[in-house]
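Summary of the model geometry
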Amino acid sequence: MIENSAAAGTGTAGTFRNPLNQGPDPFMTYYDGNYYLSASQGTSLQIWKAASLADLATAQPNTVWTDTTPSRNQDMWAPCFRLLEGNWYFYYTASDGSNDAHRIYVLKSSGTDPLGPYTFVGQLGDAWAIDPALLILDGKYYLIWSGPNNLLQIAPMSDPVTLSGPAVYLPSSGGCTEVREAPVTIQRNGTTYLLYSTCDTGKPDYQLWMRTLPPGADPLNPDNWTQYPNAVFGRNDSANVFGPGSNNFFQSPDGTEDWIAYHGKTTSTYTYDGRTTRAQKFTWNTDGTPNFGQPLSLDTDIALPSGDPKSAAVTAAERV
């Protein structure tokens, strides 16, 4: 008999439990037999690597970047790393420790290892900016981020490290009057879904809202984006989950399942402390929109992604 464990990352056979990491603002991807996870750390950029999602909580961090330049060696937040044209590009926010100094920066790897080594490429844009995300649409690159007054912006890119046009403001609804941040996109059947977080992340009502872009539409035209009328992911008081948001998406190892990684906390108190990385599978509605359900409690045993080496299906096959 296997005893159930409440420890982070563990569960019954073939399952895991959240949280997967003690940091907020997670970015996770699956590549070449491993999960790679990064989260906001402060004075360094770190990536955790594990073959099974069940092992991420106990994995050791790999520091992939520190910086001695005073203008950008603090507040290293909101990691986003993508494999593009044979190299990994690592986008992030950094500052000198003051809020006004927040800008977006990008690193480039020397090869196809997500752990680097990386070299510094440069700064993207001149204005206040946080939470970069890359959109690739019809072979073109776009950067989406939270700009001045915490409002969403998008700009074209000529390559993964060069903005090639002015920022365009994307009006976005969202429960609270303040904050539109942590944009991320997912695409299905030609439609692009833009998810973003609203409300102050210290509040229990921090939540996800959504806009959609139809196939073939220009993402730089704000009128082409349709606002979804309600929050799509929010607090679950009965599960003791508050402030879920600042998310990204990844697929199961076999590519058959879609997953959301996000941060949440276990208190309704207004605080930035206690935001931890969680993950769970999501599905799709009949109208094509994503269905994220509700954030799950930390004592829930969640089936591992399909194709995970410790998943129930793999474990059963190994016993045959």
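Definitions and cut-offs
- Residues numbered from 1 in each chain as written.
- Predicted model: local features only at pLDDT ≥ 70, side-chain atom pairs only at ≥ 80, totals over all residues.
- Heavy atoms only, no water.
- Buried < 20%, exposed > 50% of the residue type's maximum accessible area, 1.4 Å probe, protein only.
- Helix = DSSP H or I, 4+ residues; strand = E, 2+ residues; numbered from the N terminus.
- Pairing = 2+ DSSP bridges.
- Contact = heavy atoms within 4.5 Å.
- pLDDT = per-residue confidence, 0-100.
- Phe/Tyr/Trp six-rings, centres within 6.5 Å; stacked < 30°, edge-to-face > 60°.

Here's the deal with the pairing of strand β3 (residues 34–38)
With five of five residues buried, β3 is to be regarded as a mostly interior element. Side chains Asn34, Tyr36 and Ser38 of β3 all project onto a buried face; the interleaved residues Tyr35 and Leu37 project onto the opposite face, where all are buried too. Sheet topology note: the strand β2 (residues 27–31)/β3 ladder contains five bridges and is antiparallel. Paired with Phe27 across the two strands is Ser38, which belongs to β3. Following β2, the chain reverses through two residues before pairing antiparallel with β3; Asp32 in that reversal takes a positive phi of roughly 50°. As defined by bridge partners, β3 adjoins strand β4 (residues 45–50) across three bridges and the pair is classed as antiparallel. Counterpart to Leu37 in the pairing with β4 is Trp48. The antiparallel pairing of β3 with β4 creates a hairpin that spans six residues between the two strands, and Gly42 there sits at a positive phi of about 120°.

Side note on the environment of Asp25
Within the element layout of this structure, Asp25 appears in the loop between β1 (15–16) and β2. Judged by its relative accessible area of 13%, Asp25 is buried. Between the C-alpha atoms of Asp25 and Gly264, which are 239 residues apart in sequence, the distance is 9.5 Å. In this structure Asp25 touches Ser38, Ala39, Ser40, Ala78, Pro79, Ser246, His263 and Arg275, once residues within four positions along its chain are discounted.

Focus: the confidence of the model for the protein
Chain-level statistics for the protein give a pLDDT mean of 94 and a share of 94% at 70 or above. In the model, residues 1–6 has pLDDT below 50 throughout and makes nine contacts with residues more than four positions away in sequence or in other chains.

A closer look at the packing of aromatic side chains
Enumeration over the complete set of coordinates arrives at 21 aromatic pairs. Ring centres of Phe81 and Trp88 lie 5.9 Å apart, and the angle between their planes is 55°; on these two criteria the pair is classed as tilted. Of the residues examined, Phe81 reaches a relative accessible area of 1% and is grouped as buried. Considering the side-chain rings of Phe90 and Tyr118, the 5.8 Å spacing of their centres and the 90° angle between planes classify their relative orientation as edge-to-face. Taken together, the residues span a long stretch of sequence, with Phe90 in strand β7 (residues 87–95) and Tyr118 in strand β9 (residues 118–124) at a distance of 28 residues. Classification of Phe90 as buried rests on a relative accessible area of 0%.

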